[in-house]
Amino acid sequence: MVKHLVKFSFRALRRQGSYVAINVFGLAIGIACSLIIALFIIHELSYDKYHEDHERIYRIGLFGRFSGQEVKAAYTPSPMGAAMLNDFPEVESFLRMNIWDETVIQWGDEFFHETNYIEADSTFFDFFSIPLLRGNKETVLTEPYTVVLTESAAGRIFGDTDPVGEMIRVGSYQNSFRVTGVMEDVPEATHFDAGMVGSFASNPRYNEETWTSNSFFTYVKLHPEADPQSVVDGFEHLLITYVGPELYRYMGITVEEFLGQGNEYNYFLQPLAGIHLDPSVEQHQKPANDPKYLWIFGAVGILILVIASVNFMNLSTAQAMKRAKEVGMKKVIGSTRGMLVWQFITETVILTFVALMLATVLTEFALPYVNNLLSLGLSMDYLGSWYVIPGMIIIVVTIGLFAGSYPAFFLSAFNPTTVLKGKSGNGRQNTSLRQALTVLQFTISIMLITGSAIMYRQINFMLNKDLGFDKENVLVLRRADVIGDQIDSFKNELLAIPGVQSVSASTAVPGRTNNNNGYMIRGRDSESFLMQTFWVDYDFLETYGIQLAEGRFFDPELQTDQYAAVLNESAVRNYRLEDPFATRIVRPDLAEDNVPVIGVVKDYHFESLHNSIAPSIFLFKGEGQNWGYISIRIEPGMTRRVVDETEQLWYSFTSSSPMLSFFMDDDFGRFYVEERQNAQLAVMFTILAIIIASMGLYGLTAFSLQQRIREIGIRRTFGASVANVWYMICKDVMVIVGIATILAWPLVYWITGNWLQNYQYRISLNISEFLLGFVFAIIIALATISYRVVHTASINPSLSLRYE
């Protein structure tokens, strides 16, 4: 039975010729798109699930609200882990990690640039299942000033030399580090990157007992039967026992009084496997991805498969008359409707299988481009992943049933007596169905075109919006601490370089904030005020082009300005400072206890446009605060010369230590990498969806023209021009696109409107993107069919009238 079905199906497919090719290629493109999207979604969902005990591992985060300002971050105090191990019976072990920025590694007389250096407790390899190639995982990180290298870092620094036992210098640490182990490279599907892991015991804050300074990542591993909710319930105990005394010391109020004023301060647990897809939590280094994009691209993949399947249904029903006599003859000789249904579905499954084979080839060709675009390592591991082969089988069966069911039931329903007389009996129903399916295809295509245009306009808005400071032509040097106490001399020599307009030293720069501190205001002693803190010199505003709204900035002629503060407009507004110049900010780190506000700067975006402008404070960068950045404003056209001479000057001050730098405009663009990548993916899939829909429209038009060739010949005989025939055929297509546009616009408006709500600063939807989708669809549709229509209309009528 099955053998005969397959044999008859192959014979029928050979007779259908070019329509089979269109169906197969359209399905192949659709399946290839869906495979790539599925690989991407599976990759995103698999983050950190390779760790042996990932279901028992949680990262601790901090949530707070201070005077209306909220913070939700993965940063915790140094003593957090030890306290949880002692006070919570559910906790089996803990791990602290400190993520560094770029640093410099020195081995002998050679220097190396390391972009991903982290510090971790000795339990690192108990939490993360990264194989250790050399060394004992129980001891490699127990002692201070020890370090484990990844296989890549070891090869880059030591070549063929055995690194274990070698001594290296790390960053600004005065002590040398001993290499105690080599581990495999950290898998890409991990929420952090690491080229080297140094012992956390080397950190000066290793034994710190301060609870109100949140700087490190803390992870806990729970016992197998432990309930995470009981741990969450116990955080109140930590707050009262450990944070409470410090809160009373600094603010003079208890935890209960602090919370009673509408403030919030508590910890939460974040499952290890959920970190990568939770962008609501602020974290360092590797940003979390927004899960809404998984839903968006999952929907796009399904829609592209729908378009490809609709192509099959359209072309199959369009050929109903060609196959009507075949159906009639088979029914006459005894075939039942069920047998015919199974034959047609078998044909579809065979086509889908062939399309799947072609789709795997297309996917292999496309993956390098996608991996380069997304900086991923996606691959089709056919035998290494259990879900690949079953997934392919599911795709073939699902598409076969979906795309083949209606044509199968439609064709098998023909009355043999009617069709053998040359009539189908349901041509109008057939045509109406094809038109409805074509409307569906173009509705999806218009939605994708319009959605991509809106996505691109939002990204361009974020990249080009006035940030309130001038990010162009600013070179930022990292590791200012290497210059040490010579910063003033270094600045003066930089200013002597032709093309350097101004220079500033600061602990933070726009886009790279690192101190979100709590302050008090005299007279409002029961409140706490959270502000991003910039310790800066006299030249910061000039270098970044930040405008003063009121008052003045730090003046080198006034010694008292070294103990003053400058706020931004957001701080004045959010904290209801009616007279900011009568305000005195309480700084517990100063013996003078409080400092006056001498100026207010206009709001500027020192973080991503995903976030609203938070309150911030400028404090004067005094002696000894040599860490942070040195920013250089460069005259346009002088960049190359300034960079070269700055590098030479750096080496002269630092004994050949490498200079690490970035340009402010490029650095700010990193906030929108995910959006740009997703927009490019959306455009790529939109183009492919349009190609599939166009192939279907071309096939339908060719079939329609073939059926109407005698009608066209008669019209041409009676004086109709080629343009008349073109208009006759194309007006139906334009009506279809018009109906599709009416259906697509409300859906796009609703979907993109909700998507834009994720951005604090966003575009307003306007008619231009919606018209763009309509116009593109019209152009694509007419371009697809015009050649075939004109070619058919140009045939000599005497030949057309003889056509059978």
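Our subject in this report is the structure included herewith.

Reading the values: the criteria
Positions within a chain are numbered from 1, following the residues in the order the chain's sequence is written. Per-residue local features are limited, in this predicted model, to residues with pLDDT of at least 70; the limit for side-chain atom pairs, both in listing and counting, is 80 or more; totals at the level of whole chains, interfaces and linings are taken over all residues. Just so you know, side-chain values use all the structure's heavy atoms and leave hydrogens and water out. Helix and strand labels come from DSSP, where a helix needs a run of H or I of at least four residues and a strand needs a run of E of at least two; each type is numbered from the N terminus. Each residue is placed in one exposure class: buried if its accessible area under a 1.4 Å probe, protein chains only, is under 20% of its type's maximum, exposed if it is over 50%, and partly exposed if it falls in between. In what follows, a contact means two residues having at least one pair of non-hydrogen atoms within 4.5 Å. What counts as a ring pair is set by centres within 6.5 Å for rings of Phe, Tyr and Trp (its six-membered ring), and what kind of pair is set by the plane angle: stacked under 30 degrees, edge-to-face over 60, tilted for all other angles. Placement of a positive charge over a ring is assigned whenever Lys NZ or Arg CZ falls within 6 Å of the ring centre and within 35 degrees of the normal to the ring plane. To qualify as a nonpolar core, a set must consist of buried Ala, Val, Leu, Ile, Met, Phe, Trp, Tyr and Cys residues joined through side-chain atoms within 4.5 Å. A patch consists of residues whose relative accessible area exceeds 30% and which take part in no salt bridge; residues with like charges are grouped when within 9 Å of each other, and nonpolar side chains (Val, Leu, Ile, Met, Phe, Trp, Tyr) when within 5 Å. Per-residue accessibility takes into account occlusion by the displayed protein chains alone, with areas from the Shrake-Rupley method and a 1.4 Å probe. Salt-bridge detection follows one rule: a side-chain nitrogen of Lys or Arg within 4 Å of a carboxyl oxygen of Asp or Glu. Expected span, for any helix, means 1.5 Å times one less than how many residues it has. Axes are fitted to the seven residues ending at a residue and to the seven starting at it; the angle between these axes is taken as the bend at that residue. Here the rule is simple: two strands pair whenever DSSP picks up at least two bridges between them. Orientation is described by axes fitted as lines to C-alpha atoms, over the contacting stretch for helices, and by angles from 0 to 180 degrees between their N-to-C directions. In what follows, roughly perpendicular refers to angles from 65 to 115 degrees, roughly parallel to angles under 35, roughly antiparallel to angles over 145, and oblique to any angle outside these ranges. The crossing is said to be left-handed when, going from far helix to near helix, the turn is anticlockwise and less than a right angle, and right-handed when the turn is clockwise. Ten residue types, Ala, Val, Leu, Ile, Met, Phe, Trp, Tyr, Cys and Pro, are classed as nonpolar, four, Asp, Glu, Lys and Arg, as charged, and the remainder, Gly among them, as polar.

### Considering the overall build of the chain
In step 1: When helices and strands are counted, the chain shows 24 helices and 24 strands.
In step 2: Considering the chain as a whole, with its 804 residues, one finds that 53% of them fall into the buried category.
In step 3: Long-range pairs, those at least 24 residues apart, make up 80% of the contacts in the chain between residues at least 6 apart in sequence.

### Topic: the environment of V572
In step 1: With respect to the helices and strands, V572 occurs in helix α17 (residues 569-574).
In step 2: By relative accessible area, V572 is classed as buried at 15%.
In step 3: With sequence-adjacent residues up to four places away left out, V572 is seen in contact with L567, L577, P580 and V600.

### Focus on the packing of aromatic side chains
In step 1: This model, assessed by the stated rule, comprises 44 aromatic pairs.
In step 2: With a centroid separation of 5.0 Å and 85° between ring planes, the pair formed by F124 and F125 is classed as edge-to-face. There is no split in this pair, since F124 and F125 are both buried.
In step 3: Considering the side-chain rings of F200 and Y206, the 6.1 Å spacing of their centres and the 55° angle between planes classify their relative orientation as tilted.
In step 4: The side chain of R670 reaches across the aromatic face of F671, ending 4.5 Å from its centre.

### Quick look at the nonpolar core
In step 1: Judged by nonpolar contacts, the single largest core of 118 residues is most densely connected at I31, F540, Y544, F554, F618, M664 and F685.
In step 2: Element by element, the count of residues in this core is highest for helix α2 (residues 18-45), at 15 residues.
In step 3: Once residues lying within four places of it in the same chain are set aside, the contact partners of F540 are S504, S506, A508, P510, F534, I546, F553, Y604 and F618.
In step 4: One finds L141, L247, W535 and A565 within the second-largest nonpolar core, a separate group that totals 75 residues.

### Overview of a nonpolar patch on the surface
In step 1: Together, L383, I389, I393, V397 and L401 make up a nonpolar patch on the protein surface, roughly 500 Å² of accessible area in all.
In step 2: Assignment of secondary structure puts I393 in helix α12 (residues 388-412).

### So, the pattern of salt bridges
In step 1: Under the definition given, this model contains 24 salt bridges.
In step 2: When the shortest N-O distance is used, the salt bridge between K221 and D53 registers 3.2 Å. With K221 in strand β12 (residues 217-222) and D53 in the loop between α2 and β1 (57-66), this pair connects stretches of sequence that are 168 residues apart.
In step 3: As a salt-bridge pair, D644 and R640 come within 3.0 Å of each other at their nearest N and O atoms. Of this pair, D644 and R640 both sit in helix α18 (residues 639-654), four residues apart, roughly one helical turn.
In step 4: Residue classification places D644 among the partly exposed positions, given a relative accessible area of 33%.

### Things to note about helix α23 (residues 767-793)
In step 1: The end-to-end C-alpha distance of α23 is 37 Å, a good match for the 39 Å that 27 residues give at a rise of 1.5 Å each.
In step 2: S786 marks the point of greatest bend in α23, at about 35°.

### Details of the pairing of strand β8 (residues 146-150)
In step 1: A large share of β8 lies buried, amounting to five of its five residues.
In step 2: Residues T146, V148 and T150 of β8 are buried on one face, and the alternating residues V147 and L149, pointing to the opposite face, are buried as well.
In step 3: By the bridge criterion, five bridges tie β8 to strand β10 (residues 177-183) in an arrangement that is parallel. Opposite V147, over in β10, you have V179 as the bridge partner.
In step 4: Taken together, the three bridges between β8 and strand β11 (residues 196-199) define a ladder with antiparallel strand orientation. Each bridged residue has a counterpart across the sheet, and for V148 the counterpart in β11 is V197.

### Points about the pairing of strand β19 (residues 565-568)
Strand residues, when the strand is regular, have side chains that alternate between the two faces of the sheet.
In step 1: Of the two faces of β19, the one holding A565 and L567 and the one holding V566 and N568 are both buried throughout.
In step 2: Note: β19 against strand β21 (residues 594-601), four bridges, orientation parallel. Following the sheet pairing, V566 is matched in β21 by G599.
In step 3: Pairing of β19 with strand β22 (residues 616-620) involves three bridges; the strand directions are antiparallel. Of the residues in β22, the one forming a bridge with V566 is F618.

### A word on the packing of helix α21 (residues 709-717) against helix α22 (residues 722-756)
Think of two packed helices as two axes; the pair is described by the angle between the axes and how far apart they sit.
In step 1: Where α21 contacts α22, the two axes come as close as 10 Å, and the packing angle between them is 140°. Judged by the inter-axis angle, α21 sits oblique to α22. Read as a crossing pair, α21 and α22 show a hand that is right-handed. Packed against α21, whose contacting residues are E711, I712, R715 and R716, the element α22 presents V722, V725 and M728 at the interface.
In step 2: Of the residues that constitute the contact of α21 with α22, the class distribution is four nonpolar, no polar and three charged.

### Brief notes about the side chain of N594
In step 1: Here N594 is to be found in strand β21.
In step 2: Look at N594 and you get buried, because its relative accessible area is 12%.
In step 3: Look past the residues within four positions of N594 in its chain and what remains in contact with it is R522, R584, I585, V586 and R587.

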